[in-house]
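Analysis of the macromolecular model
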Amino acid sequence: MDQAVSVFWNATRAILNETPVDAALTECPERSGREYETWNVALNGYGGQRLRAFYTVPRHAPPSGRFPAMLAVPGYGGAKEIPYHVVMHGFAVLTLFPWAQGESLAEGDLPAGATKLTHNVTDKDRYYYRAAYMDCVRGVDFLAEREEVDGNRIGMWSRSQGGGFTLATAALDHRLAAAVAEEPFLCNYPVAIDIDTRPYHELRSYVQEHPEQRQIMLETLWYFDTLTLADAITCPILVNIGMADTTCPYETVMPVFDRIKAQKSLLVYPDLTHSPCADFNVHAISWLKRYLGG
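The sections below set out a description of the structure shown in this document. (Residues numbered from 1 in each chain as written. Predicted model: local features only at pLDDT ≥ 70, side-chain atom pairs only at ≥ 80, totals over all residues. Heavy atoms only, no water.)

**What about the overall build of the protein?**
Put simply, the rule reads: Comment: elements are numbered from the N terminus, with helices defined as DSSP H or I runs of at least four residues and strands as E runs of at least two. Only C-alpha atoms enter the radius of gyration; for comparison, a globular chain is expected to reach 2.2 Å times N to the power 0.38, where N is the number of residues. Think of it in three bands: with a 1.4 Å probe and only protein chains considered, a residue is buried below 20% of the maximum accessible area for its type, exposed above 50%, and partly exposed in between. Contacts: residue pairs with any heavy atoms within 4.5 Å of one another. All accessibility values rest on the Shrake-Rupley procedure with a 1.4 Å probe; residue burial counts only the protein chains present in the view.
Broken down by element type, the protein carries 10 helices and 9 strands. Its C-alpha atoms give the protein a radius of gyration of 18 Å, near enough to 19 Å, the size a compact globule of 294 residues would have. Overall, the protein is about 60 × 40 × 35 Å in size when its C-alpha atoms are taken along their principal axes. Here the protein holds 294 residues, and the buried ones make up 56% of them. Put simply, of all contacts in the protein between residues at least 6 apart along the chain, 69% involve residues at least 24 apart. Summing over all exposed atoms, the protein offers an accessible surface of approximately 11900 Å²; the carbon and sulfur share of this is 49%.

**A word on the pairing of strand 6 (residues 149-159)**
Defined as follows: Viewed with both strands pointing away, a crossover whose connecting path from the first strand over the helix to the second turns clockwise is right-handed.
Strand 6 sits mainly inside the fold: 8 of its 11 residues count as buried. At this point the chain moves from strand 6, through helix 4 (residues 161-172), to the parallel strand 7 (residues 176-182), and the crossover so formed is right-handed.

**Examining helix 3 (residues 128-145)**
The periodicity of an α-helix, 3.6 residues per turn, causes residues three or four places apart in sequence to face the same way. Keep this limit in mind: One less than the residue count of a helix, multiplied by 1.5 Å, gives the span that helix is expected to have.
Here helix 3 spans 26 Å end to end across 18 residues, near enough to the 26 Å set by a 1.5 Å rise per residue. With 16 of 18 residues buried, helix 3 lies mostly within the body of the structure.

**Digging into the packing of helix 3 against helix 4**
Helix-helix packing: each pair is described by the crossing angle between the helix axes and the interaxial distance. Here is the rule: For every element, the axis is a line fit to its C-alpha atoms; helices are fit only across the contacting stretch, and the angle between N-to-C directions ranges from 0 to 180 degrees. For classification, angles of less than 35 degrees are called roughly parallel, those exceeding 145 degrees roughly antiparallel, those between 65 and 115 degrees roughly perpendicular, and all remaining angles oblique. Under the scheme applied here, ten amino acids are nonpolar (Ala, Val, Leu, Ile, Met, Phe, Trp, Tyr, Cys and Pro), four are charged (Asp, Glu, Lys and Arg), and all others, including Gly, are polar.
Relative orientation of the contacting elements helix 3 and helix 4 amounts to 70°, with a least axis distance of 10 Å. One finds that helix 3 runs roughly perpendicular with respect to helix 4. Mapping the contact onto sequence places Y129, A132, Y133, M134, C136 and V140 in helix 3 and Q161, F165, A168, T169 and L172 in helix 4. Partitioned by chemical class, the residues of the contact of helix 3 with helix 4 number 9 nonpolar, 2 polar and no charged.

**Some details on the nonpolar core**
Within soluble globular proteins, side chains that are nonpolar generally end up buried alongside one another. Where we set the bar: Here, nonpolar core refers to any group of buried Ala, Val, Leu, Ile, Met, Phe, Trp, Tyr and Cys residues whose side-chain atoms link them within 4.5 Å.
By size, the foremost hydrophobic cluster in this structure holds 81 residues, and its most contacted members are Y129 and Y133. Ranked by residues supplied to this core, first place goes to helix 3 with 11 residues. Every residue in contact with Y133, bar those within four places of it in the chain, is listed here: W9, F165, A168, L172, L186, F224, T226 and L229. Core analysis: the second largest hydrophobic core is formed by 20 residues, V86, V180, L238 and I285 among them.

**Focus: the layout of surface pockets**
The condition that has to hold: Using only the protein atoms, space was sampled on a 1 Å grid; points where a 1.4 Å probe fits but cannot get out form cavities, open sets with protein on both sides within 12 Å along at least five of seven lines form pockets, and lining residues are those with an atom within 4 Å of a point. Grid points are joined across faces, edges and corners, and a volume is the space filled by probe spheres set on the points.
Quantified by volume, the largest pocket comes out at close to 320 Å³. Lining the largest pocket are 20 residues, with K80, S158, R159, E182 and P276 positioned closest to its centre. Of all the secondary structure elements, the ones that give two or more residues to the lining of the largest pocket are helix 2 (84-87) and strand 6. Considering each element in turn, the lining of the largest pocket owes the most residues, 3 residues, to strand 6. Of the residues contributing to the lining of the largest pocket, the split by class is 9 nonpolar, 7 polar and 4 charged.

**Points about the packing of helix 1 (residues 3-17) against helix 3**
Put simply, the test is: Crossings are assigned a handedness: left-handed for a near helix turned anticlockwise from the far helix by less than a right angle, right-handed for a clockwise turn.
Taken N-terminus to C-terminus, the directions of helix 1 and helix 3 make an angle of 60°; their axes are 10 Å apart at the nearest point. Our classification of the angle between helix 1 and helix 3 gives oblique. Considering how the two elements wind past one another, helix 1 and helix 3 form a crossing that is right-handed. On helix 3, the residues touching F8, W9, T12, R13, I15, L16 and N17 of helix 1 are Y129, R130, Y133, M134, V137, R138 and D141. Among the residues making up the contact of helix 1 with helix 3, the classes are represented as 8 nonpolar, 2 polar and 4 charged.

**Focus: the packing of aromatic side chains**
Remark: the centre distance and the inter-plane angle together describe each pair of aromatic rings, the angle taken between the planes. Definition in use: The rule is short: rings of Phe, Tyr and Trp, with Trp giving its six-membered ring, pair when the centres are within 6.5 Å, and they are stacked under 30 degrees, edge-to-face over 60, tilted in between. Criterion for a charge above a ring: Lys NZ or Arg CZ within 6 Å of the ring centre, and within 35 degrees of the ring normal.
Following the criterion strictly, the structure yields 20 aromatic pairs and no others. Between Y127 and Y129, the aromatic rings sit 5.8 Å apart at their centres with planes inclined by 55°, giving tilted as the arrangement. Given the relative accessible area of 0%, Y129 is considered buried. Grouping aromatic residues by their ring pairs yields a cluster made of F8, W9, W99, Y127, Y128, Y129, Y133, F165, Y223 and F224. For the cation-ring pair, K116 lies above Y76, with the distance from its terminal atom to the ring centre recorded as 4.2 Å. Above the ring of F257, the side-chain terminus of K264 is found at 4.6 Å from the ring centroid.

Listed below in structure tokens is the structure:
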């Protein structure tokens, strides 16, 4: 991460730290089960924007009394199911919805006609993903504050946009002890800006409509590109690529993986499209249990 990018994100993190987490939890019986309990969570994100989440914890504490924990965040569509299969392996899980996504839409949305990829894309200080990345860091803040969570065993696993969030969070918050970035989005914008499949096509369409803004767009996106941030990742990280994935294609993800200096592993699936992968799920659970316990 170059100096200008580092200064930007240090200043951004300082802004986040000015706002307390101020989490409010209420019971959520409809998302609870015999082996786990779930709470609805409301908490402060970047700039004081209120966010929503689900917090799911196994009913039976481990011998140490403190759980390993995992942060999960949504893909670009904004929806995210609670990863109960991770909970059943003994993890406390926060399923967090950054600003203007999923459950957090009830607390506020982008202006009419705006998209996450293009909202203020020529202004790094107001670009959508400045707040969204910090909202993920705020999720780590929440887990680190929980008495039942072992703060040394917090990880993150999500797919697509969530995979991009995982890469960014691992780079910006070294409290993560392990990470899994599944088919990650938000990668290698100099290439992605010309991709015509959804949702990168939003950037391509914006450039076609505003060709004079292409350079300033790339200058803004440089601060948010996981290609820029990847060399700051310090935790063990597992990544996968589907060679038939046209949403998050190889040429966007591979350069990011190459720049990671931390312990890393890559699984490449020749026939995988942009979709969940049962084989990768097995490896992901193994990765989390190896580095976080559970």
